[in-house]
Amino acid sequence: MYNIIQKRKIWLTLSNFMAGLSIVAIIIWGLNFGIDFTGGSLLEVKFLENRPTVDEVQKKLADLELGSLIVQQVDEDGMILRFQDTSEKKHQEIVSRLANVNQTELSGVEELRFDSVGPSIGQELKRKSIAAITIVLIAIVLYIAWAFRKVSKPVVSWKYGLTAVITLFHDVVIVVGVFAVLGKFAGIEINTAFVAAVLTVLGYSVNDTIVVFDRIRENLPRSDEDFENTINISVNQTLRRSINTSITTLLVLLSVFFFGGSSIRDFVLALSIGVFIGTYS
């Protein structure tokens, strides 16, 4: 049996350090919001023969007045373009020009997706995303307080709920902090898929937390050990289950990350980080 609770100062220090770094990253660099929240258009294309350079594409589209045009190469033959909200006519003009970036050599292009979001809709999505996360946290506290309502000694039911929320905040803030760093240095954006990933992480993490709490609730009345050792026994009893469940989940997520499409890669990355941190916490 591992002395986990007896060495809690080490684990709490590490958790505080990771959460602190994440908060600093969020404050300094902020989040790189995608068009889902800021408004604009996103066009993903695949070049069938010769993919042009980023500079060539920017020069070809310069006179279309697309606002802040961002061009990003993906995989070996793909490209993602982000620009201001535009009309369908201009959208088709962009695709037509991409097929002939070099006038002496046809590139050939296949449009994979096109999304367009107005700024007012983007702000509404941002508000609804924050509201969704807040409602989930409140619901989790109420559920845990109700589920553990008959527990009174030595830990009252509302403390289980509060502890679960602190744990969830720890898990989510680290995921968001990692994406703040990735947004600064790798251009990864925060979109509605990321919000879905965060909500999934909340559900996954609280499930693991409740399993540990349930074992603690069962052991406390019948244990001959003191409080600290009883908690340590409970954590050890659930440790193998938590690790095995997380490993199998991560194997699936990593397979999707490496072999799935680029459109869901950021979503899977957020889930993978959340599952790993959630299991640790």
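This text follows the structure it describes.
Everything numeric in this text was worked out from a predicted model, so none of it was measured. (Residues numbered from 1 in each chain as written. Predicted model: local features only at pLDDT ≥ 70, side-chain atom pairs only at ≥ 80, totals over all residues. Heavy atoms only, no water.)

Is there a simple way to explain the overall build of the protein in this structure?
When helices and strands are counted, the protein shows nine helices and four strands. Reading the protein from its N end, one meets helices and strands in the order α-α-β-α-β-β-α-β-α-α-α-α-α. Computed over C-alpha atoms, the radius of gyration of the protein comes to 24 Å, more than 25% over the 19 Å expected from 2.2 N^0.38 for 281 residues, which places it beyond the range of a compact globule. Expressed as a percentage of the 281 residues in the protein, the buried residues total 37%. A fraction of 76% describes how many contacts in the protein between residues 6 or more apart in sequence connect residues 24 or more apart. With the model as given, the accessible surface of the protein reaches about 15800 Å², and the carbon-plus-sulfur share is 61%. On the protein, the mean spot of the 26 positive side-chain charges and the mean spot of the 28 negative ones are 11 Å from each other. (Helix = DSSP H or I, 4+ residues; strand = E, 2+ residues; numbered from the N terminus. Rg over C-alpha atoms; globule rule 2.2 N^0.38 Å. Buried < 20%, exposed > 50% of the residue type's maximum accessible area, 1.4 Å probe, protein only. Contact = heavy atoms within 4.5 Å. Areas by Shrake-Rupley, 256 points an atom, 1.4 Å probe, with all protein chains shown as cover. Lys, Arg positive; Asp, Glu negative; His and termini not counted. Charge placed at Lys NZ, Arg CZ, Asp CG, Glu CD.)

What exactly am I supposed to notice about the side chain of Asp208 here?
Checked against the element boundaries, Asp208 lands in helix α7 (residues 192-219). Accessibility expressed as a relative area gives 9% for Asp208, which makes it buried. Once residues lying within four places of it in the same chain are set aside, the contact partners of Asp208 are Arg241, Ser242, Gly278 and Thr279.

I keep staring at helix α4 (residues 88-98) and nothing clicks. Help me out?
Working note: α-helix, 3.6 residues per turn, so residues spaced by three or four point in the same direction. Within the sequence span of α4, burial applies to His91, Ile94, Val95, Arg97 and Leu98. The arc enclosing the buried residues of α4, seen along the axis, measures out at 165°, which places them on a common side. If you follow the buried residues of α4, they end up packed against β1 (40-47), α3 (54-60), β3 (78-83) and β4 (109-117). (Arc of directions from axis to C-beta.)

Just to check I follow, could you spell out the sheet that holds β3 for this structure?
Sheets are built from strands paired through backbone hydrogen bonds, the pairs being either parallel or antiparallel. Here four strands make up an open sheet; going across it, the order is β2-β3-β1-β4 and the pairing antiparallel. Both outer strands of the open sheet, β2 (70-74) and β4, are each paired with one neighbouring strand and no more. Neighbour-to-neighbour, the strand axes of this sheet turn through a mean angle of 15°, independent of strand direction. Inspection of the sheet shows β2 paired to β3 by five bridges, in the antiparallel sense. Considered in β3, the bridge of Gln73 is made with Met79. Where α4 meets the sheet, it contacts β1, β3 and β4, and its direction lies at approximately 30° from that of β1. (Pairing = 2+ DSSP bridges. Axes fitted to C-alpha atoms, helices over the stretch in contact; angles between N-to-C directions.)

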